[in-house]
Structure formats: structure tokens, C-alpha cells
Amino acid sequence: MESVKSPVPVNSTSTGVQSSREPYRLDESAVSGVPAPIESAVIQSRYGRTPTRKKRDRRILWGLGGIFVLVLGAWVVWTGLDGASTQIEARDIGHTIIDAHSVSVTFEVALPVNRTASCAVQALNESYSVVGWKIIDLPASTLYNRSFTEILRTTDLSNTGLIYQCWLT
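Quick notes on the rules
- Residues numbered from 1 in each chain as written.
- Predicted model: local features only at pLDDT ≥ 70, side-chain atom pairs only at ≥ 80, totals over all residues.
- Heavy atoms only, no water.
- Patch = residues over 30% accessible without salt bridge, like charges linked within 9 Å, V, L, I, M, F, W, Y side chains within 5 Å.
- Areas by Shrake-Rupley, 256 points an atom, 1.4 Å probe, with all protein chains shown as cover.
- Salt bridge = Lys/Arg side-chain N within 4 Å of Asp/Glu carboxyl O.
- Helix = DSSP H or I, 4+ residues; strand = E, 2+ residues; numbered from the N terminus.
- Buried < 20%, exposed > 50% of the residue type's maximum accessible area, 1.4 Å probe, protein only.
- Core = buried A, V, L, I, M, F, W, Y, C linked by side-chain atoms within 4.5 Å.
- Contact = heavy atoms within 4.5 Å.
- Disulfide = S-S within 2.5 Å.
- Pairing = 2+ DSSP bridges.

Undergrad: What is the right way to read a nonpolar patch on the surface from this model?
TA: A surface patch of nonpolar side chains, about 920 Å² in accessible area, is lined by Phe 68, Val 69, Leu 72, Trp 75, Val 76, Val 77, Trp 78 and Leu 81. Its location among the elements puts Val 69 in helix α3 (residues 51-79). Judged by its relative accessible area of 56%, Val 69 is exposed.

Undergrad: What's the story with the nonpolar core in this structure? I'm lost.
TA: Counting residues in each nonpolar core, the largest one holds 16 residues, and the members touching the most others are Val 105, Phe 107, Val 109, Cys 119, Val 121, Leu 138 and Ile 163. Those elements that provide at least two residues to this core are β2 (102-110), β3 (117-124), β4 (130-138), β5 (145-153) and β6 (160-168). Setting aside chain neighbours within four positions, we find Val 121 in contact with Val 105, Phe 107, Gly 132, Trp 133, Lys 134, Ile 136, Leu 152, Leu 162, Ile 163 and Tyr 164.

Undergrad: Honestly, the state of the cysteines in this entry has me stumped. Any pointers?
TA: Think of a disulfide as a covalent bridge from one cysteine sulfur atom to another cysteine sulfur atom. Under the definition given, this model contains one disulfide. Sulfur-sulfur distance for the disulfide between Cys 119 and Cys 166 comes to 1.9 Å. Disulfide Cys 119-Cys 166: torsion about the S-S bond near 115°, hence right-handed. With Cys 119 in strand β3 and Cys 166 in strand β6, this pair connects stretches of sequence that are 47 residues apart. Each member of the pair Cys 119 and Cys 166 is classed as buried.

Undergrad: Please explain the pairing of β4 as it appears in this structure.
TA: Side chains on a regular strand alternate between the two faces of the sheet. Where β3 meets β4, eight bridges bridge the pair, whose relative direction is antiparallel. Each bridged residue has a counterpart across the sheet, and for Ala 123 the counterpart in β4 is Gly 132. Following β3, the chain reverses through five residues before pairing antiparallel with β4; Tyr 128 in that reversal takes a positive phi of roughly 65°.

Undergrad: What exactly am I supposed to notice about the pattern of salt bridges here?
TA: Side chains carrying opposite charge are able to pair once their charged atoms draw close together. A complete count under the given rule lists three salt bridges for this structure. In this structure, Arg 53 and Asp 57 form a salt bridge, with 3.7 Å as the shortest nitrogen-oxygen distance. Remark: Asp 57 and Arg 53 occur in helix α3; sequence separation between them is four residues, near one turn of the helix. For Arg 53, a relative accessible area of 36% corresponds to the partly exposed category. A salt bridge links Glu 150 to Lys 134, with the shortest nitrogen-to-oxygen separation between them at 3.2 Å. Placement of Glu 150 in strand β5 and of Lys 134 in strand β4 is noted, with a sequence separation of 16 residues between them.

Geometric descriptors of this kind do not, in isolation, establish any biological role.
Next comes the structure, spelled out in C-alpha cells:
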């Protein structure tokens with residue numbers, strides 16, 4: 001008897017695709033043991049992967065890093081190490097409503113010795129609208145903490161008197 005040859009190879013499936021026990025791989029070089037081909041210079045330049053581009057990118061990154069360090073250092077010196085800036089602190093002590101058109105405001109100011117300052121004092125009504133305002137000049141003194149009482153004239157009945165802001169002059 002003569003053997004009949006089948007049109008389908010012995011080690012294939014009925015559809016003509018060979019079965020494989022390994023999962024499908026995109027990189028055939030791992031299967032064959034041959035290293036993957038090295039990209040040509042044309043392909044590298046097309047996608048911006050040339051050696052000169054890498055050097056330029058590295059220089060740009062180092063330059064930006066250096067600028068960042070300089071700006072950060074200048075900011076630290078300007079904010080943290082600048083001992084020349086002096087501070088002034090003001091605190092409300094109390095207020096007394098004298099009548100419908102005046103209020104007495106007592107406040108305490110801490111400022112550097114022998115320095116003059118100015119403070120803005122305000123009076124507010126029930127709806128927090130400003131009904132009185134006065135700027136007071138504080139003379140120089142040998143004391144650091146000082147207390148002041150000022151009487152403000154108001155346009156309407158006030159329910160509070162406050163120190164708004166103080167600054168060195």
C-alpha cells in the first residue's frame with residue numbers, strides 16, 4: 001500500500017498554523033539567540049536620539065538646575081538671613097463707646113527702641129462698616145512696649161474700635 005500524503009503538515013493544526021507551547025513574542029532575537037539589530041544613524045537622527053542631542057539635553061538640564069539653585073539660594077538669603085528688617089507689632093487692648101459720635105480705643109505697640117511709627121485706628125459699626133478712622137504718629141522712645149489710648153470721632157454709632165495697622169516711619 002502506498003502512503004497518502006496529507007496536504008497539512010504533521011505538526012500543524014487543521015488551519016495550517018503551527019501550535020506553539022511558548023507565548024507569542026514580539027522580539028524574535030530572544031528566541032533565535034541573535035542580538036537585536038542596532039539602529040542606524042538615520043533612524044536615530046529621525047527620532048532625535050543622536051549623541052549631540054543627548055549632550056545638548058544634558059547641558060540644558062544642568063543649566064536649568066543651576067539656575068534653580070541660584071534662585072533658591074537668593075530667596076533663602078533674602079527671606080531668612082536678612083536681619084536688617086525690623087518688625088512692629090500692635091495689639092488691641094480694649095475700646096469704650098463714649099457716645100453716638102466718639103469711641104475710645106486702647107492699644108499696645110511693640111516697636112524697636114528709638115524708632116518712630118504711625119498707626120491707623122478705626123471704628124466699626126454693627127455691619128462692619130468703617131465709621132471712624134484716624135492715623136496716629138507715635139514718637140520715639142526708650143521703651144520697647146508702649147500703650148496708647150486715642151479717641152476717634154465717628155459718623156455713626158460704633159460698636160467697636162480697633163487698631164488697623166502700624167508701620168515704621
